[in-house]
Amino acid sequence: MKPIINLIQRLALNDPKLRYPEYALDDGKIHVLYMAVPLNATGLYRCILPAITLNTTTTHCAIINDMQNWYNYDRFRPQSLPITDQLIRWAHYIIFPTVFNHHKDFRKLITEFREFNPDVKIFIDVDDDIMNISPYHPNAKRYTPLLIENVLKNMDLCDGVTCTHRRLCDWYEEHTAHPKYYPLPNLMTHLTMPGAEPPPKNTTGKTHLGMTLNFTQLQDVMKIKPVLKHLTQAKKYHLTVFGWDGKLFYNGSMRDTLAFISHRHVKEVQIQNYFTMLRQLAYDIALMPLCNNHFNQMKSNHKLLQYAQLGIPVIGPYMPPYNEAPIEWCEEVFYTHVGDNAQEWIEAIEYLSNNKNARQEAITRAHKTVNENYMIEDNINIWQKCFK
């Protein structure tokens, strides 16, 4: 992820010439300006990788004006953006991350931009369905009907909206009047591939199971609570939870919602170090619990692509977006889809644990499929057609 690390370091500089070396007015290219990119998976797939890859083309040039720590967005104000008149006038397209939808002064901000550059096209990128956020989501109370109404009004102020897939585009298109919608998928990149060193070998004699979680996934985890209890009692597995530690502030106190299972916790890392850490963890099998609701159905399938790129077979539900993966993955043991029955999960885990050869053949094919079909370097024409 060296190009991403270099980008983060450049954006910390004060000199605009060093901060934005891509800036040139008369280069004959289409200019795409990404605003206040969050340093998380959304920022990586929706902004950072497209910007880096567009800059390898002869037709487009992209600049990221700033990066924001995802957890500071509650205190973030658009007025604090390091934005100059020169950048606004340079841009043919300005792309805002989804978080700007929430700001009441979004209208004022883009009005000022259009005064500086009447020809600029304003886009906003959306990667989830905030209209149907789960009541179990820690931020659910923030998404009041008034906030959702404001979000939709802000989207209507834009020239275009980019979404992770066509279903999400169609969903929002039903609830807004003006913008055009463009599906831009979350794709993998050769930049995320680890180095030549092989992943650590599992010498414990136990099957290493892993879950990669974020703090919004309590209900997803509780969906397989009986499965996790069984794994704790069985002596032939050990479980790693990467990311969220299971702790939530509830009714005035901190609760450890994962205390019922025996596991090793590995704390989350910055996005530029994410793939290195995931590779070093070297799961034998990844568990991907997900409640079947509208909010989850509108997510991207990039986690499944990540595991395929890293050669980790997956067990999870057969529902959108994961049943939209390459059909061969759903017909073999790379992605074993299961229902709500705990016994189905347990049997799938036991089968993969006991059939290493079948597991290896499947992940080899999945890895090949990602590298041949799901790399942004080979599909950047989708972005070129969107920003034309």
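The rules behind the values
Counting of residues starts from 1 at the beginning of each chain's written sequence and follows it residue by residue. Confidence filtering applies because this is a predicted model: local features only for residues at pLDDT of at least 70, side-chain atom pairs given and counted only at 80 or more, and all residues used for totals across whole chains, interfaces and linings. The side-chain numbers reported here are obtained from all heavy atoms of the structure, hydrogens and water having been left aside. In this analysis an axis means a line fitted to C-alpha atoms, helices contributing only their contacting stretch, and an angle means the value between N-to-C directions, from 0 to 180 degrees. Only DSSP runs of H or I covering at least 4 residues are called helices, and only runs of E covering at least 2 are called strands; the numbering of each starts at the N terminus. Working definition: roughly parallel below 35 degrees, roughly antiparallel above 145 degrees, roughly perpendicular at 65 to 115 degrees, and oblique for all remaining angles. By definition, any crossing whose near helix is turned counterclockwise from its far helix by less than a right angle is left-handed, and any crossing with a clockwise turn is right-handed. Contacts are residue-level and defined by heavy atoms, with any inter-residue pair within 4.5 Å sufficient. Three residue categories are used. Nonpolar comprises Ala, Val, Leu, Ile, Met, Phe, Trp, Tyr, Cys and Pro, charged comprises Asp, Glu, Lys and Arg, and polar comprises the others, including Gly. In the sections that follow, a salt bridge refers to a side-chain nitrogen of Lys or Arg positioned within 4 Å of a carboxyl oxygen of Asp or Glu. Think of it in three bands: with a 1.4 Å probe and only protein chains considered, a residue is buried below 20% of the maximum accessible area for its type, exposed above 50%, and partly exposed in between. A 3.5 Å cut-off defines polar contacts: any pair of N or O atoms within that distance qualifies, except that in protein one atom must be a possible hydrogen donor and the other a possible acceptor, and neighbouring residues in sequence count only when both atoms are side-chain atoms. A strand pair is defined by DSSP finding two or more bridges across the two strands. Centres within 6.5 Å are what make two rings of Phe, Tyr or Trp a pair, Trp counting through its six-membered ring; a difference in plane orientation under 30 degrees is then read as stacked, over 60 as edge-to-face, and the rest as tilted. Any helix carries an expected span of 1.5 Å times its number of residues minus one. The arc in question is the one spanned by the directions pointing from the helix axis to the C-beta atoms.

Where helix H9 (residues 225-233) contacts helix H14 (residues 342-354), the axes come no closer than 8 Å and their chain directions differ by 45 degrees. The angle between H9 and H14 falls in the class oblique. With respect to the hand of their crossing, H9 and H14 are arranged in right-handed fashion. Here Pro226, Val227, His230 and Leu231 of H9 lie close against H14, whose contacting residues are Ala342, Trp345, Ile346, Ile349 and Glu350. Of the residues belonging to the contact of H9 with H14, the class tally is seven nonpolar, one polar and one charged.

The next point concerns the pattern of salt bridges. If you walk through the whole model with that rule in mind, you get eight salt bridges. One salt bridge in this structure joins Glu149 and Lys153, with 3.3 Å as the shortest N-O distance. Placement of the pair is Glu149 and Lys153 together in helix H6 (residues 145-156), with a separation of four residues, close to one helical turn. Accessibility expressed as a relative area gives 46% for Lys153, which makes it partly exposed.

Now for the side chain of Thr212. For Thr212, the location among the structural elements is in strand S9 (residues 207-213). For Thr212, the side chain forms a polar contact with the side chain of Tyr283, separated by 3.1 Å. If sequence neighbours within four positions are ignored, Thr212 has contacts with Gln217, Phe242, Tyr274, Leu278, Tyr283, Lys303 and Tyr307.

Here we take up the sheet that holds strand S1 (residues 30-34). If you trace the six strands from one edge of the open sheet to the other, you get S3-S1-S5-S6-S7-S8, paired in parallel fashion. The outermost strands of the open sheet, each flanked by one partner alone, are strand S3 (60-64) and strand S8 (180-183). Across the sheet, the mean angle separating the axes of adjacent strands is 25 degrees when strand polarity is ignored. In the sheet, strand S5 (residues 93-96) pairs with strand S6 (residues 121-126) via four bridges, with the strands oriented parallel. Pairing of Ile94 across the sheet is with Ile122, part of S6.

One open sheet accounts for six strands, arranged S13-S10-S9-S14-S15-S16; its pairing is parallel. Every interior strand has two partners, whereas the edge strands, strand S13 (264-267) and strand S16 (335-338), have only one. Here the strands of the sheet are splayed against their neighbours by 25 degrees on average, with no regard to which way each runs. Set on the sheet, helix H10 (residues 271-281) makes contact with S9, strand S10 (237-243) and S13; between it and S10 the angle comes to about 175 degrees.

The full count for this structure, using the stated rule, is eleven aromatic pairs. Relative to Phe275, the ring of Tyr274 has its centre 5.2 Å away and its plane inclined at 90 degrees; by these criteria the two rings are edge-to-face. Here Tyr274 matches Phe275 in class, with each residue buried. Pairwise contacts between aromatic rings join Tyr93, Phe123, Tyr182 and Phe387 into one cluster.

In a regular helix each residue adds 1.5 Å, so twelve residues correspond to 16 Å; H6 covers 17 Å between its end C-alpha atoms and thus fits that length. Residues Leu147, Ile148, Val151, Leu152, Asn154 and Met155 constitute the buried set of H6. Considered in projection along H6, the buried side chains sweep an arc of 160 degrees and stay on one side of the axis. Residues of H6 that are exposed and angled more than 90 degrees away from the buried face: Pro145 and Leu146. The inward-facing, buried residues of H6 contact helix H5 (106-116), S6, strand S7 (160-163), helix H7 (166-173) and S8.

Below, the discussion takes up the environment of Asn301. One can find Asn301 in the loop between helix H11 (294-297) and helix H12 (302-310). Overall, Asn301 belongs to the buried group, its relative accessible area being 16%. It is 9.1 Å that separates the C-alpha atoms of Asn301 and Pro185, two residues lying 116 residues apart in sequence.

Close contact between H14 and helix H15 (residues 356-373) brings their axes to 5 Å; oriented N to C, the two are set at 90 degrees. Put simply, H14 runs roughly perpendicular to H15. Of the residues in H15, those touching H14 at Tyr351, Leu352, Ser353 and Asn354 are Lys356, Ala358 and Arg359.

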